Amino acid sequence: LNSSEKEYLLKNVGNSEVIFQDELAEEPMKYFSNCDVCFGNIPRTWVEESTQLNWLQLESVGYDPYLALTNQKVKISNLKGFFSIPVAESAVSGILSLMRGMNELALLKEKKEWVGAALRPSLRMLEGSNVLILGAGAIGYQMKKLLSAFNCEVSFYDKFNPEAQYSRPEELTKALSEADVIIGCLPESPETIHLINGERLSLMKPTAIVVNAGRGSLIDDAALAQKLIDGSIAGAVLDVTPKEPLQEDHPFWNCPNTILSQHTGGGYEEEVLDKVKVFLKNLQPYINNEPLNNLIP
């Protein structure tokens, strides 16, 4: 937190004593062991070793490192739904960039090369596209809301949401073959790792655009890179990759029609301050011994 974010937090915590890790000169575990509440993604071992901690407010949606904790008394809440608007805007901006040629035009500007007339016939419209969204959560529904402005036909794949049109992997065959845009925003689980593998990538139209705004493990990155290089699919917008930062020798760097947004999809100017506000909104129920928002299972 910067100084103004710390000041805002301190003004709104009531009588609670606050310790900022970045201001400690000594080993932080010495102080953490006496804390009842923690705001931030701390090492899992800290949670397991603590005898005092009651509640951990994560500053992320993901909570994989904290699954199956041995310290069962600690309540953990995440930022479910927090990033839905910026992530959806980033995904749609990437799709529009590829369809309207903005990615190519930005490169042409750097080269001072004018080819406008020749580029026009290759441009596409998002209007009326068939979009398949993998994950019917907050991000998925925000994407549907934005895409409705383009009169897109949107369908969902989700194992747990009864409103999704598809819920079983075998149902994806037809859905993938008909989609103009495929957007991944599923959390990571054993069922979602490489859900989009080489075989399923082969089902897609050569004009299809693949977007991944959820977890890098959703797509077989080697298979996707090959499809992009040989032109079997039209393009990709990748906010997440299996390893981050993406290694220098990864083929994604050289894939055509590929936008790498480097896990910035959820970012915006007031991001950290708004996280503080989420924490404060949850702090009062904690103090009053009331149910907390967004508790993880």
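Conventions used here
- Residues numbered from 1 in each chain as written.
- Predicted model: local features only at pLDDT ≥ 70, side-chain atom pairs only at ≥ 80, totals over all residues.
- Heavy atoms only, no water.
- Helix = DSSP H or I, 4+ residues; strand = E, 2+ residues; numbered from the N terminus.
- Buried < 20%, exposed > 50% of the residue type's maximum accessible area, 1.4 Å probe, protein only.
- Contact = heavy atoms within 4.5 Å.
- Areas by Shrake-Rupley, 256 points an atom, 1.4 Å probe, with all protein chains shown as cover.
- Lys, Arg positive; Asp, Glu negative; His and termini not counted.
- Charge placed at Lys NZ, Arg CZ, Asp CG, Glu CD.
- Core = buried A, V, L, I, M, F, W, Y, C linked by side-chain atoms within 4.5 Å.
- 1 Å grid on protein atoms, 1.4 Å probe; cavity = no way out; pocket = protein on both sides within 12 Å on 5 of 7 lines; lining within 4 Å.
- Points joined across faces, edges and corners; volume = space filled by probe spheres on them.
- Nonpolar A, V, L, I, M, F, W, Y, C, P; charged D, E, K, R; others polar.
- Pairing = 2+ DSSP bridges.
- Axes fitted to C-alpha atoms, helices over the stretch in contact; angles between N-to-C directions.
- Parallel < 35°, antiparallel > 145°, perpendicular 65-115°, else oblique.
- Left-handed = near helix turned anticlockwise from the far one by under 90°.

Q: Could you clarify how one ought to interpret the overall build of the protein chain in this entry?
A: Helices and strands together make up the secondary structure of the protein chain, namely 11 helices and nine strands. Its C-alpha atoms give the protein chain principal-axis dimensions of roughly 65 × 45 × 40 Å. Here the protein chain holds 297 residues, and the buried ones make up 44% of them. For the protein chain, long-range pairs separated by at least 24 residues make up 56% of all intrachain contacts whose partners lie at least 6 apart in sequence. Accessible surface, the protein chain: about 16400 Å² in total, of which carbon and sulfur atoms supply 52%. The averaged location of the 39 negative side-chain charges in the protein chain is 5 Å from the averaged location of its 26 positive side-chain charges.

Q: Can you walk me through the nonpolar core in this structure?
A: Nonpolar side chains in soluble globular proteins tend to be buried together. Judged by nonpolar contacts, the single largest core of 28 residues is most densely connected at Leu132, Leu134, Tyr157, Ile196, Met204 and Leu224. Secondary structure elements with two or more residues in this core: β4 (130–134), α8 (172–178), α10 (221–229) and β8 (235–238). Among the elements that line this core, the one with the most residues is α10, at four residues.

Q: Explain the layout of surface pockets here, please?
A: Picture a little ball the size of a water molecule; that probe, rolled over the atoms, points out where space is still empty. When its volume is computed, the second largest pocket comes out at roughly 950 Å³. For the second largest pocket, the lining is made up of 33 residues, of which Val18, Ile19, Val37, Cys38 and Phe39 are closest to its centre. Elements with a minimum of two residues in the lining of the second largest pocket: α1 (3–11), α2 (28–32), β1 (37–39) and α11 (271–287). The element best represented in the lining of the second largest pocket is α11, accounting for six residues. Tallied by class, the residues present in the lining of the second largest pocket amount to 22 nonpolar, five polar and six charged.

Q: Could you clarify how one ought to interpret the sheet that holds strand β2 (residues 55–57) in this entry?
A: On the basis of which strands lie adjacent, the open sheet formed by three strands has the order β1-β2-β3 and parallel pairing. Unpaired on one side and paired on the other, β1 and β3 (75–77) mark the two borders of the sheet. Between one strand and the next, the sheet's axes are offset by a mean angle of 10 degrees, whatever the strand orientation. Bridging between β1 and β2 involves three bridges; their strand directions are parallel. Within the sheet, the bridge partner assigned to Cys38 lies in β2 and is Leu56. Each of β1, β2 and β3 is contacted by α11, which is oriented at about 160 degrees to β2, the strand it contacts most.

Q: Sorry, what's going on with the packing of α1 against α11 here?
A: The packing of two helices is summarised by the inter-axis angle and the distance between the axes. Look at α1 against α11: their axes get within 10 Å of each other, and the N-to-C directions meet at 15 degrees. The angle between α1 and α11 places the two elements in the roughly parallel class. Seen from above, α1 lies across α11 with right-handed handedness. Along its contact with α1, which presents Glu5, Tyr8 and Leu9, the element α11 presents Val272, Leu273, Val276, Lys277, Phe279 and Leu280. The residue inventory of the contact of α1 with α11, partitioned by class, reads seven nonpolar, no polar and two charged.

Note that every value here comes from positions in space, so none of it alone points to a role or purpose.
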